[in-house]
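Geometric and topological summary
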Amino acid sequence: MAENTTMTTGTGLDRRKFLTVLGATGAGAALTGCSTDRVAKLIPYGTQTEDQVPGIPTWYASTCTECSAGCGLHVKTREGRAIKLEGNPDHPVNAGKLCHRGQAGLQGLYNPARIKGPMKKSGAGFAEITWDEGIKLLADQVKAAGGAFAVVSGGPRGTFEQLLRAFAQQAGGSVTKYEPFDHEPVRLAHQAVFGRDEVPVVDFAKANYILSFGADFLETWGSPLEQQRGFAASHGFDDAAKGMAKHVYVGPRLSLTAANADEWLSTTPGAEAAVALAVARHVAEAKGADAGIRSALATYTAEWAAKESGLTAKQVDEVAEGFAKAKAPVAVAGGIGAQYANAVELCSAVAVLNAVAGAIGTTVRFGQDAVQGDGAAAILALGAKMASGGVKVALVHEANPVYALPKSTGFAAAFAKVPFKVYTGQFMDETAAACDLLLPNHHALERWDDVEPRAGVQGLLQPVMEPVFKTRHTGDVLLAAGKAAGYALPDAADFHAHLEKTWKARLGGGDPEGAWREALAKGGRYAAAPASPALRANPAAIKYTAPAKAAEGEYVLLATPSSLLHDGRGTNKPWLLENPDPVTKMTWRPAIEVHPDTAKLFDARNGEIIRVETAAGAIEAPVVLYPGIAPGVLSMPLGWGHTAYGEFAKDRGANATDVLAVAKDAKFVAYAGQSVKVIKTRGYQKLARTEGTPRQLGRHIAEAMPAAHAAKGLSVKESYLELGGHTHDINPEWEDKAIEGWYETQKEMRVYGEGNNYAGEHPAWGMAVDLSKCTGCSSCVTACYAENNLPWVGEEQVLRGREMSWMRIERYWEGGEGGKALEARFVPVMCQHCENAPCEPVCPVYAAYHTTDGLNGQVYNRCVGTRYCSNNCPYKVRYFNWRAYNRWAWPEPMQLQLNPEVTVRGRGVMEKCTFCIQRIRQAQHDARLEDRKLKDGDVVTACAQACPADAIVFGDMNDPESRVRKIKATNARRYHILEEINVKPAVTYLAKVVNVDPAHLAEGGHA
Amino acid sequence: MGTAVITQASPKYGPPTDQTHAEITRDVVATLDTAPRGYYYLIFACVGCFLVGVATFIALLKEGLGLAGYQPPIMWSVYITNFVFWVGIGHAGTLISAILFLFRAPWRTAVYRSTEAMTVFAVMTAALFPIIHIGRQWIFYWLLPYPNQRYLWPNFKSPLAWDVFAISTYFTVSTTFLIYGLVPDVAAVRDKVTGWRKFVYGKLSLGWQGTNTQWRHYSRAYLYLAAFCTPLVLSVHSVVSWDFAASLIPGWHGTIFAPYFVAGAIYSGVGMVLTLLIPLRKHLKLERMLTEYHFDNLAKLTLLTGTILFYAYGMEYFVAWYSANTFEQTTFWRRLFGPAWWAGWSMVIPNAFLSQLLWFRKIRTNLTALWVISIFINVGMWFERYVIANALGNDYIPWAWDQMNPTWADWGMLVGSFGWFGMWFFLFSRSFPVVAIQEIKEFVPMPMRGKRAGAKAAAGAH
Amino acid sequence: MRKLVMLLGGVATAVIAVAAVIGRPTAATAQAKADPNAAVKLAAADTANLKGPRQPVFFRHDIHASQYKIQCQYCHYSVAVASEPGLPSTQTCMGCHLVIGGSDESAKAEIKKVRDSWQKKEPIQWVRIHYLAKHAHFPHQRHIKAMGPNACATCHGDVSRMVQVYKVNNIQNMGWCISCHLERKVTRDCSACHY
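Overview of the structure. (Residues numbered from 1 in each chain as written. Chains lettered and ligands numbered in written order. Predicted model: local features only at pLDDT ≥ 70, side-chain atom pairs only at ≥ 80, totals over all residues. Heavy atoms only, no water.)

Let's talk about the pattern of salt bridges
Residue and element names in this part refer to chain A.
- Within the structure shown, the criterion is met by 71 salt bridges over all chains.
- Across the salt bridge formed by D140 and K136, the nearest N and O atoms sit 2.9 Å from each other. Taken together, the residues D140 and K136, both in helix α5 (residues 131-145) and four residues apart, mark about one turn of the helix.
- For D140, a relative accessible area of 37% gives the class partly exposed.
- According to the relative accessible area criterion, K136 is exposed, its value standing at 52%.
- Linking D436 and K421 is a salt bridge whose minimum nitrogen-to-oxygen distance equals 3.5 Å. (Salt bridge = Lys/Arg side-chain N within 4 Å of Asp/Glu carboxyl O. Helix = DSSP H or I, 4+ residues; strand = E, 2+ residues; numbered from the N terminus. Buried < 20%, exposed > 50% of the residue type's maximum accessible area, 1.4 Å probe, protein only.)

Have a look at this one:
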């Protein structure tokens, strides 16, 4: 990597210009009829480096810092700029996968709202200064503070953190680690139950009965991506032999995690603990736990729990029995969305439950301590100190407490009291705006660093490109400032040197240089997880206080974390704003989720704005009617309502934390269970949702079958009939024959016709999507945006239904009425590349046509935009450039992210999923250069690559060895959407498998 | 004087006119005299509307089609609605001038000229919309087959390619037909006027002398052209209907579409004829040539086509129900009871039910009533196309469902199209004889002594 | 407004529906057109009447490629492995011109420019001659693989005999590609180049 740096400094030429030159393949080019966007100058490198060959991507290993999970990255760079993030297959946490937040890191790197250089407060705004001035100012101030110095750091654990602590300690101050979603209740509970203040690592892959008490482990709880992988492994259906895990979710809101549960038990908010205790009691009895525990649990009967939680005793018993019988059960709790006042009791109950069920050490492993922050108590204490004037100089690093901490904690006000505040983050966020000196740090992809998300896993970060702005590594800044202030800090020229030294020492061995290089290539050092200690639960920790009931005429509010925005750090990235929320399908704006029955009480319809009031404050937001929430409960996503943080985030929606009444000495922020008044206002805000009609109307789009049937190897149709449904209305045989014949002649003409002669036989690209694995997390969508230069279109265009995402996740509701349980079905829908594609014959200019390798081609530069293809597409997967989206979707410097291998579409042109044809062609080029045939796995589409659940399989259907062919040929659950219209899609779906008694799905439960 | 006698003797539904050759020529040529101020206001209004359309189009070119109310999955909306609407308007003309000519319907003579003109201008209007509605208007010519070094041709499998040919053929033929029919009349005008106008009409009359030979060849050729036009009346709108019928959208891919569209086209065409002729007749003082007799017949034609349309609507619903195809059924249910029910009903009520009023002669012969009905017919037929386009909004994948949602850009273009059409039509109506002098004369018996009853009978028998 | 102009242009084209087939220049004619006077002594000042754009440095392909027989790929290093042919870095030039200072005054002057650019670390900004529309992908490596290392001339003309490089063939014109793909019976699938 070092060479890369010298290379670029060597030429010192404007990277942007430089790239338009070599990226002669379309980055940033508005597509017009026959335009050849002439580039006037060709600018060569000053010094050539072997790791940069124009036209060939260079990959660097790094580590993701978008949340505290610390996933490994492979960064794809072209001509010296990062254009795509993918998971690092060697990394134990994410094993080659990456979530939408991780992938959107690129839009952080190229974000226009980044601080472009060192700045000093002057009047209302900031004035640019030089780095030397900045560092001098920092050194002087810290010295002058004489110990009254405090550091708030959101950065991960690692070498930098140690440097930061050293600096603070030298300055007589201290470091407070701040992570908004810090799972304090989990830690407090484990402190109480096991005497260990830590967050365990849960292995969902091993589990076969997963019981979640409001822990959204597929979204924001713990290490989501790792858990998704695990969940897909255990809960996804492969074969009867392996079977599948059962997942039961207990809690008042149908989050994405709950939507993936086989059973959702909607309790009264805050009463989850009661259920946990009742289950624990049953399990303790069944497995014969020690007397202490048994007696402590004695009073918590199923009946009592039923009364507390609003479930039936039968439901509680069923769960308890299932959990007790299960070979590898696991219970999880402590989700942000379920962080009630009594969250510690809930987590304790669950800890005890795990203990008595024997999950500790098998599915729940301690000793790896995935804790990141010091907890809310610490930061609030610091706030108090600030308020009392105990802090003269404050340094905030990569954290945004001013936004993230609820107003009622008064932290913002206290922080404002600090005479001199320094900010070393990247973005002009609320905290930065409140500071006096801004010393912007490099983005994670521009800097040397390391991350230790948990014991045994140490990830490395290396700069993959030159800094986009005039930023500087905070490590270098601290070293320089330390020198200036005469502190005893590690003696190193810069942080890079320091890091390298530290690592070489750590790696040791005969050849530290080699080891260091290897670590860089692998993306870090991954030791085996330490053995989990045997732990005994302490009965004294078992407590239960009933949740405070909402006052008369009031409602219970859950402030739930968004799987896209996390704690609000995603709100400045259009990819995350336009990617619809997985369950409500809202884009660009938060809405308060209300159950239709509840909404009747204050007569609110979709989009009508209500005012939510508490003693702490009030917020206004539109209502979205959501069947997936308990009556009497409101839910509002976190992460919105920024007052700074760039054009995308600023003034977008309201901040749910504003209404949370949090004590100044709270041990954690109770995001859930706030009792609120609701007043309907006159306002109305049309909801930018991507959902048209959420019911299937018997059209067999998202199929599902009970696990029992899947195990028996029934086909979708057989299972459907067994459940008492009517037959599918598939066409009669003679009709199929006729179409078959027609199709064959077409193929003759197409494939073997004159001019269509690829060397060798033709591949036929195809895809298979396993709905039993797909969780609807939407990572694939962001992957598609990044890979294929999809423009985001903005709220006002989404309101017109014009979102451009080639891949959309449809979420259909089943049941939810007539006493049937509400079930969500997720279907990723992309171009089906039909063999008998209806879009092809109707295009008057052959812009839509069938390629010789079985793709449904779309030639942008030939398209005149009649849009007949889209009309005639039964799957509605073609997207039209209604406006010149390419002119607004990549504001400086975001256009640097564009993939040069993919044409940027101009307005008036139809586009759609291409099966990542650029990847196919690249693979074909490489194979040709090596004089070999393509083999299965040479081509992986962006969505398949990203999918944490490995639900998407892509390959050549003509290759007898390919995975996709095997699935299409043999898997009993296979089906095509809209089979009856005979378009022969190349995308095969595998029916979802629900691990419930078939009776639950009976009488046409399919649709 | 014989003429006087005939005048007295003219029965209510007798011969089309009671005028002499001289009077006819005089009256018709009189329509070309200096127009009242009102006429110029009308023209200016039309040009104004047209400019609105131009402005809208420039906006579209600059900003993209997104300005219009497209709401995916509805990829065709108001512009296609207008296109089909105007093509439809075009149909009455050729029907009346060609088919009725072959059937020797006497009453056509007085109206066919104006309807033919209407046809030409309607097609001129319609032809603009396919260009306006495509995403990259500046390369619309890629739809035309022309030799090029890229070896690229249009896709002749695509109904849109058929459209190009259908429309251009129809435009060429109907224009020729119109000009051809004009020749003797222009000559007649030439003989009446003086000065530069004489020169102009002289050139336009292609040296017409009205000699026996000329007349013989002329009428032969006219007959031939009429025969040549006749299939076009049916073919053009059938092709247009295939734009929809050849797709697989529920509510579009119906075999009924071609006849259904043709009937609808003639229906809307006659509707437009009535809308235009009734005021024109008054304004140009042609009451004696365009009698109730003509409007009665036009109304009957409307009634016929309207009834066919009624049947077609009914049949669509029957088939949807009978097919037991859930997609079809949903579409047709939502057409009248879905979110866009208002559009559905504003198509059914005027087209299917209102036309049934024309069973009553009282209404048929009451020009005011007829005119009001004709307005409703135009609106209704516009909405028919709107509703058909809106069928895209609820096809196979419920998740994608949406509704059409027009904006100023759509309305601007609609206004523009009316301006463009009106401009041409009204300019025409003042520059050329809107009733065919020579054909009307055919029905006027020679002013001779005796055989009056016979003459009357002869005239009536035509 | 440009769109409007294009629209009108379109109308014109449509009316004269004979956008007749443009004569497709072949490699053979390209050879014929190539500049015959190789390796004559010329100073930068004399370039005015030469074909092709004036370059910042009067680099003579005829001398380097023809006289000194330097292979194309010595400088255009990535042409056989990547879609981009690659431009020689200043370092590559200095490889020789560290020692070679130029035979006569005019040559010295030009080489000095290169050395200065190396000193100042400011790359020479060459004027681009061949460019493709950004919606067309041309994988150089595939063509070199298929047609051999010296196939460059097929499209670029015999650069080795050009005093100053100029465009011989209308390569950004799709007809050029198609004619060749027809002759050689290779794919004419649109998505081979357009995606």
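Here we look at the environment of A:H496
Residue and element names in this part refer to chain A.
- Residue position: H496 is located in helix α20 (residues 495-507).
- Linking H496 and Q462, residues 34 residues apart in sequence, is a C-alpha distance of 9.1 Å.
- In this structure, H496 is in contact with W448 and D476, ignoring residues within four places of it in sequence. (Contact = heavy atoms within 4.5 Å.)

Let's talk about the environment of B:L65
- Residue position: B:L65 is located in the loop between α3 (37-63) and α4 (78-102).
- Placed 344 residues apart in sequence, B:L65 and B:A409 show a C-alpha to C-alpha distance of 8.8 Å.
- Ignoring any residue separated from it by four or fewer positions in sequence, one finds B:L65 in contact with A:R867, A:F880, A:W882, B:L60, B:Y70, B:Y79, B:I132, B:H133, B:I134, B:G135 and B:Q137.

A short note on helix α13 (residues 313-325) of chain A
Residue and element names in this part refer to chain A.
- Over its 13 residues, α13 runs 18 Å from end to end, which matches the ideal 18 Å to within 8%, given 1.5 Å per residue.
- Listed in full, the buried residues belonging to α13 are V316, V319, A320, F323 and A324. One face of α13 carries all of its buried residues, which in axial projection span an arc of 130°. Exposed positions of α13 whose direction lies more than 90 degrees from the buried face are K314 and K325. (Expected span 1.5 Å × (residues − 1). Arc of directions from axis to C-beta.)

Observations concerning the packing of aromatic side chains
- Under the criterion given, the structure shown has 77 aromatic pairs over all chains.
- Between B:F257 and B:F261, the ring centres sit 5.1 Å apart and the planes meet at 25°, which makes this aromatic pair stacked. Residue B:F257 and its partner B:F261 are located together in helix α9 (residues 257-283), separated by four residues, close to a single helical turn.
- Exposure remark for B:F257: the relative accessible area of 1% places this residue in the buried category.
- On the basis of an interplanar angle of 85° and a centroid distance of 5.7 Å, the ring pair of B:F425 and B:F426 is categorised as edge-to-face. Each member of the pair, B:F425 as well as B:F426, is classed as buried.
- Joined through ring pairs, the aromatic side chains of A:Y868, B:W76, B:F244, B:W252, B:F257, B:Y260, B:F261 and B:Y313 make up one cluster.
- Over the aromatic face of A:W503 sits the side chain of A:R506, whose NZ or CZ is 4.8 Å from the ring centroid.
- In this structure, B:R430 is placed above the aromatic ring of B:Y39, and the distance from its NZ or CZ to the ring centre is 5.5 Å. (Phe/Tyr/Trp six-rings, centres within 6.5 Å; stacked < 30°, edge-to-face > 60°. Lys NZ or Arg CZ within 6 Å of the ring centre and 35° of its normal.)

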